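Working through the structure, step by step
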Amino acid sequence: MDALLDTAARGDATELRELIRAGGDASYANPSTGLTPLIAAAKAGHSEVVRVLLNAGAPWNALDRSGRCAGDYAMDAGHQDCYDILLDAGVKAELVLGAASRQTTKNSEFSNKDYLEARLSFSEGKLVNEESEGVMMAWERPLMEAHAKAVCCGGDDILNVGFGMGLVDTAIQSYNPSSHTIIEAHPDVYARMISTGWKEKANVRIVFGRWQDVISELGQYDGIFFDTYGEYYEDMREFHSQLPKLLKPGGIYSYFNGLCGHNAFFHVVYCQLVALELAQIGLTTQFIPLPVRSCLDEKTWEGVREKYWQLDTYFLPAAQAEEETDN
Ligand SMILES: C[S@@+](CC[C@H](N)C(=O)[O-])C[C@H]1O[C@@H](n2cnc3c(N)ncnc32)[C@H](O)[C@@H]1O
């Protein structure tokens, strides 16, 4: 099977087609390196070979032993054609997967039931669960301030889903909105909101519960921020399906963009996917690049089980609903 790797690396599309026709496995991965023909082709910039392999069923998202996929190599080497083909393949595959999962019956348990039932510990720099997983961390403060700015420039009625350490809500308060609604589902976080005086703020309304369960109690907002924990992309998609009811015309929606925060190419695929899905409900999405390297060092993650963010740039999503037209 290493013949496939050699042929892909050389960029010989004709020979590769023949090898596949003769039974060669396009999804082969070398057992010791994890190298796939797709990675070999993307690394060398052979776009026709990349196309042949994808058409023959090579998975766009296979990782080698260093945790990188074909798109990562194409991106780093500046092979734009390969990058575009792989991005398109990734977005299409995830769109199809999403459609398929929407057709399967829903699990009766919700995604983050265990998280919501477990105890949390709060400290200056972080909020962690019993497994020392970071629920929220102070390094995100500049990002939360930027999110608050984005959603507050849409108008005066603001909704935030997920209080965590209250970083985004503190920043939202600095814009003194007319109304500031906060949904929070975890009892420990809710108790802390009460003990730190959030209930006494004149413009704040706290809704305790899962957003899924309290959505009917909500109104319409000029700015909405979404940042929960322990939920899947499917949950966020479900939230997005409620945006036409929740977001006023011209309003701004933003979310914590931690999707695939460990892999640069997967992250780009998910940015595109969300933008496409939001476009289907009439929102136009921009991603504002924010450098985050300076917010993070090895010390940041001390005492936290997993680095949930490993990229140098954060892409802050700002999605605007269509303005109302007169006719
Ligand atoms: C990552 S933290 C939010 C951090 C916040 N943006 C900040 O600036 O500190 C996620 C929060 O969402 C809450 N949460 C998780 N699932 C939720 C749900 N389904 N509905 C409402 N809140 C939820 C968690 O308890 C947690 O407080």
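All values reported here derive from a predicted model rather than from experimental measurement.

Points about the sheet that holds strand β3 (residues 134-137)
- The strand order across the open sheet formed by three strands is β1-β2-β3, and the pairing between neighbours is antiparallel. The sheet terminates laterally at β1 (120-122) and β3, the two strands that pair on one side only. Geometrically, the sheet is characterised by an average inter-axis angle of 10° between neighbouring strands, direction not taken into account.
- Across three bridges, strand β2 (residues 126-129) lies against β3 in antiparallel orientation. Among the inter-strand pairings, Lys-126 is bridged to a residue of β3, identified as Met-137.
- Helix-sheet contacts for helix α10 (residues 187-195) involve β1 and β2, and the interaxial angle to β1 is about 35°.

Quick word on the UniProt feature "repeat: ANK" (unreviewed entry) in the protein chain
- The feature "repeat: ANK" (unreviewed entry), as given by UniProt, occupies residues 33-65 in the numbering adopted here.
- Annotated as residues 33-65, this span is 52% helix and 0% strand, and its ends, taken at the C-alpha atoms, are 5 Å apart.

A closer look at the sheet that holds strand β10 (residues 313-321)
- Reading across from one edge, β6-β5-β4-β7-β8-β10-β9 is the order of the seven strands in this open sheet, with mixed pairing throughout. A single partner strand is all that each edge strand has here, and the edge strands are β6 (204-208) and β9 (283-291). The average angle at which neighbouring strand axes cross in this sheet is 15°, direction not considered.
- Bridge count for strand β8 (residues 247-255) against β10 is two bridges, and the pairing is antiparallel. Looking at β10, one finds that Tyr-253 is bridged to Ala-319.
- Each of β5 (179-184) and β6 touches α10; the most contacted strand, β6, lies at about 155° to it.
- Contacting β4 (157-161), β7 (221-226), β8 and β9, helix α12 (residues 233-246) runs over the sheet at an angle of about 155° to β8.

Re the domain arrangement of the protein chain
- Split into domains, the protein chain comes out as domain 1 (2-103) and domain 2 (113-321).
- Distance between the C-alpha centres of domain 1 and domain 2: 34 Å.
- Listed by partner, the interface residues are 19 residues for domain 1 and 13 residues for domain 2.
- Of the roughly 1300 Å² buried between domain 1 and domain 2 on both sides combined, carbon and sulfur atoms contribute 73%.
- The interface formed by domain 1 and domain 2 holds zero salt bridges in total.
- Remark: the boundary between domain 1 and domain 2 carries four residue pairs in polar contact (both at pLDDT 80 or more).
- Those elements giving two or more residues to the side of domain 1 that touches domain 2 turn out to be α5 (70-77) and α6 (80-103).
- Residue contributions to the side of domain 1 that touches domain 2 peak at 10 residues, all from α6.
- Of the residues contributing to the side of domain 1 that touches domain 2, the split by class is nine nonpolar, six polar and four charged.

Here we look at the pattern of salt bridges
- With the rule as written, the count across this model stands at 16 salt bridges.
- Note that Lys-248 is salt-bridged to Asp-157, the shortest N-O span being 2.8 Å. Residue Lys-248 is found in strand β8, and its partner Asp-157 is found in strand β4; the two are separated by 91 residues along the sequence.
- Owing to a relative accessible area of 22%, Lys-248 belongs among the partly exposed residues under this scheme.
- Between Glu-277 and Arg-237 there is a salt bridge, with the nearest N and O atoms lying 2.6 Å from each other.

About the thresholds
- Residues numbered from 1 in each chain as written.
- Predicted model: local features only at pLDDT ≥ 70, side-chain atom pairs only at ≥ 80, totals over all residues.
- Heavy atoms only, no water.
- Pairing = 2+ DSSP bridges.
- Helix = DSSP H or I, 4+ residues; strand = E, 2+ residues; numbered from the N terminus.
- Axes fitted to C-alpha atoms, helices over the stretch in contact; angles between N-to-C directions.
- Contact = heavy atoms within 4.5 Å.
- UniProt positions renumbered as here; feature names shortened; annotations may be inferred.
- Domains from an automatic or database assignment.
- Buried area = accessible area lost by both parts, 1.4 Å probe.
- Salt bridge = Lys/Arg side-chain N within 4 Å of Asp/Glu carboxyl O.
- Polar contact = N/O pair within 3.5 Å; in protein donor to acceptor, adjacent residues only side chain to side chain.
- Nonpolar A, V, L, I, M, F, W, Y, C, P; charged D, E, K, R; others polar.
- Buried < 20%, exposed > 50% of the residue type's maximum accessible area, 1.4 Å probe, protein only.

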